[in-house]
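Spelled out from the first residue to the last, the chains are:
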Amino acid sequence: MSPRLHIQELDENLSDDDEDLDGFEADDAGEDEADLDAAENAAGTSEISQNKKAILKEIEEHKKQLEALKEKDPEFYKYLQENDQGLLDFEDDGMDDDDDEDEDAEDLAGDDDDDQGMDEDDAQVHDNVVTKTMVSAWKDSLIKTQSLRAAKRILLAFKAATTLDQSEDESKASLAYVVDDTTVFNSVVLTTIKYVPSVFNTHLGVTAEKPYVPKIPQSGGKWKKIHPLAKSFIGNLVKLLSQITDTTMLQFVLRESEALIPYIVCFPKQGKGYLKELLKLWTSANEQIRIVSFLCMRKLAVTQPTPYLDSCLKGAYLAYVSQSKITNVYTWTQIDFSAGCLVELCGLHPVSTYQHAFVYIRQLAIHLRNAITQKTKESFKMVYNWQFLHSLRLWSRVMQTYCDRSSGAEPSSGMSMRPLIYPFVQVALGALRLKPSAKFFPFRFHIVRLLIQLSNKTGTYIPLAAQLFEVFESAELRNKAKPSTAKPMDFIHSIKAPNNYLGTRVYQNNVVDEVVGLMSDYFASFALSISFPELVVPAIIQIKRFVKKSKNFTANKQLQQLVEKLEQNSQFIESRRSNVDFSPRDEGKCMNFLQDLDPAVSPLYKYNAARQKLKDQQNAKLVESDEDEEEDELEAELEGEDEDEDELEME
């Protein structure tokens, strides 16, 4: 399921209307920018800044210089009186917002990771408690005049809002403002996240008409003003993401933070922290949070491929593997969603994906080699677990997606991932053969299934029939089955069979059903091949031999039906190829044999489609019935883990 399917729904849930965010925004006061100081004074929260005092001192010095000029050069002083009276009447009342913006930039130019520079301008104002009136005044200035002065002040309040976990004394001693009310906290966060990025864009000339990923100019006087503000904003945003527990608020902050990503990539340390929080949220339980986190992560990789693309791929893969450690009916959908997100990330840059895939497939090969050479419980457990299997499933999906010849998914230029198919198949087949015990038949079936899918998508022939024939020769199917009242086993969410299923009639029937389904899938992919009659001969012989010895009526009936469809399809192909006018040497014509024919006309393809539909319905019912019992079964499985380890010892 693609994460993009939910974007429209997400936009509806998080519309720009503030009413969707209950209590997140304070009431608008509608004050003018000129009334910004008056609003703060009315709340009893403003004091004269140190920089303003310095400017007043410079004004006094300038006045003294003019008085000295009056004594030294009376004629020039008289000329100034007649032509430039404003210079002689210079007062501090003439300072405007632009002067304040310059002050802010100078004060913040030397700020560090702790935002000390932002606090200097406000001179440790310990009693500046933020109110709704103040936030409304700042918001009005941000919207109407795009004021950097208002942006700085609300960012100071935003810093105070993100440090509420500190003690009261510590907060008052280090912060310019104090946020001690939940409603004010929500209002500060909402206003800052929603409106400050547009102020940055306005002053740097970043407009909506420009490309999806705008380039932020990281030089010049304008950037010098924005740099300390953006750095403080992003640092406190990362801190806020780690603290929010309300789902609606978190969803809003994540969505709006996407607009800040072009600025986030300008600060490597803050960007690393932002990605770390995204990866945590990407594996959370809430579906909408996972979607928005992934979209932010993807934009981060697109905006600045170096180094964020590699960081996203590596971090997402490690998070995916860690998440897949516990797999059951409840977590399967979430793990599958994470795999789909990783597949999309892998498509952003094939060269980087190839390098990462090579490394991680090699790690799987090392675990397999250790299991083969060491033959210990610990080495076997490194292969027979959900993390190993989900890693195989992931890289199989990646190669299916980007090596699919039928859809033209392979890149026309650059590096293809097709060379990875061979080593991947070798690792998968090695893991399949490692322990041929009936207990791990579910693990074997998972691997066979993903290899069948890989073969279909990439057009690569992978000999898998022999891996299924081995099941017929196992003691599990040759020995007489014990009666059992257990319900059918769920092979989709299992990699090993519980001990109470082994040797029972119900497990034997389940195994045969899985083998018949996999054989049907496998041979159906060659249903229109010119070599189909020869390909299925070993399978027909092997199945008939098993049916002759077996006394399981249910299993025999399924196998006989499969043999019948294989023979019908062989006759169908033989009738078609009897009319061809080329020899087996003509490889090109052999490859194109019946390529213009719909596969649904073949008997085996029809049978497999109907069988798969019925199987999906049965699995859906089985999963639904398992939901009430899954927790108890999981606890029982964990308690019996030590007992199961004995099965991993080599005979």
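Residues numbered from 1 in each chain as written. Predicted model: local features only at pLDDT ≥ 70, side-chain atom pairs only at ≥ 80, totals over all residues. Heavy atoms only, no water.

**Here we look at unusual backbone geometry**
Here's step 1: Look at the link from Thr306 to Pro307: it is a cis peptide, with omega at 10 degrees.
Here's step 2: Within the fold, Pro307 resides in helix H17 (residues 305-323).
Here's step 3: For Gln146, which is not a glycine, the phi torsion comes out positive at approximately 50 degrees.
Here's step 4: Classification of Gln146 by relative accessible area gives buried; the value is 17%.
Here's step 5: One non-glycine residue, Lys375, adopts positive backbone phi at about 55 degrees.
Here's step 6: On the secondary structure map, Lys375 appears in the loop between helix H19 (350-374) and helix H20 (377-381). (Helix = DSSP H or I, 4+ residues; strand = E, 2+ residues; numbered from the N terminus. Buried < 20%, exposed > 50% of the residue type's maximum accessible area, 1.4 Å probe, protein only.)

**Looking at the environment of Thr485**
Here's step 1: Relative to the elements of secondary structure, Thr485 occurs in the loop between helix H25 (475-478) and helix H26 (505-524).
Here's step 2: Overall, the relative accessible area of 85% leaves Thr485 in the exposed class.

**With respect to the confidence of the model for the protein**
Here's step 1: Averaged over every residue, the pLDDT of the protein is 79; the share at 70 or more is 74%.
Here's step 2: Counting contacts from residues 42-51, a segment whose pLDDT is below 50, to residues more than four positions away or on other chains yields 22 contacts.
Here's step 3: In the predicted structure, residues 167-171 sits below a pLDDT of 50 and forms 2 contacts with residues beyond four places in sequence or in another chain. (pLDDT = per-residue confidence, 0-100. Contact = heavy atoms within 4.5 Å.)

**Quick notes on the nonpolar core**
Here's step 1: Within the largest apolar cluster, 177 residues are counted, with the highest numbers of intra-cluster contacts made by Val253, Tyr263, Trp395, Phe424, Leu451 and Phe523.
Here's step 2: Apart from the residues lying within four places of it in its own chain, the contact partners of Leu451 are Phe424, Val425, Ala428, Leu429, Ile462 and Leu464. (Core = buried A, V, L, I, M, F, W, Y, C linked by side-chain atoms within 4.5 Å.)

**Things to note about the pattern of salt bridges**
Here's step 1: Tallied over the entire structure, the rule returns 13 salt bridges.
Here's step 2: Note that Arg444 is salt-bridged to Glu470, the shortest N-O span being 3.1 Å. Within this pair, whereas Arg444 is found in helix H23 (residues 441-458), its partner Glu470 is found in helix H24 (residues 465-472), the two being separated by 26 residues in sequence.
Here's step 3: Judged by relative accessible area, which is 3%, Arg444 ranks as buried. (Salt bridge = Lys/Arg side-chain N within 4 Å of Asp/Glu carboxyl O.)

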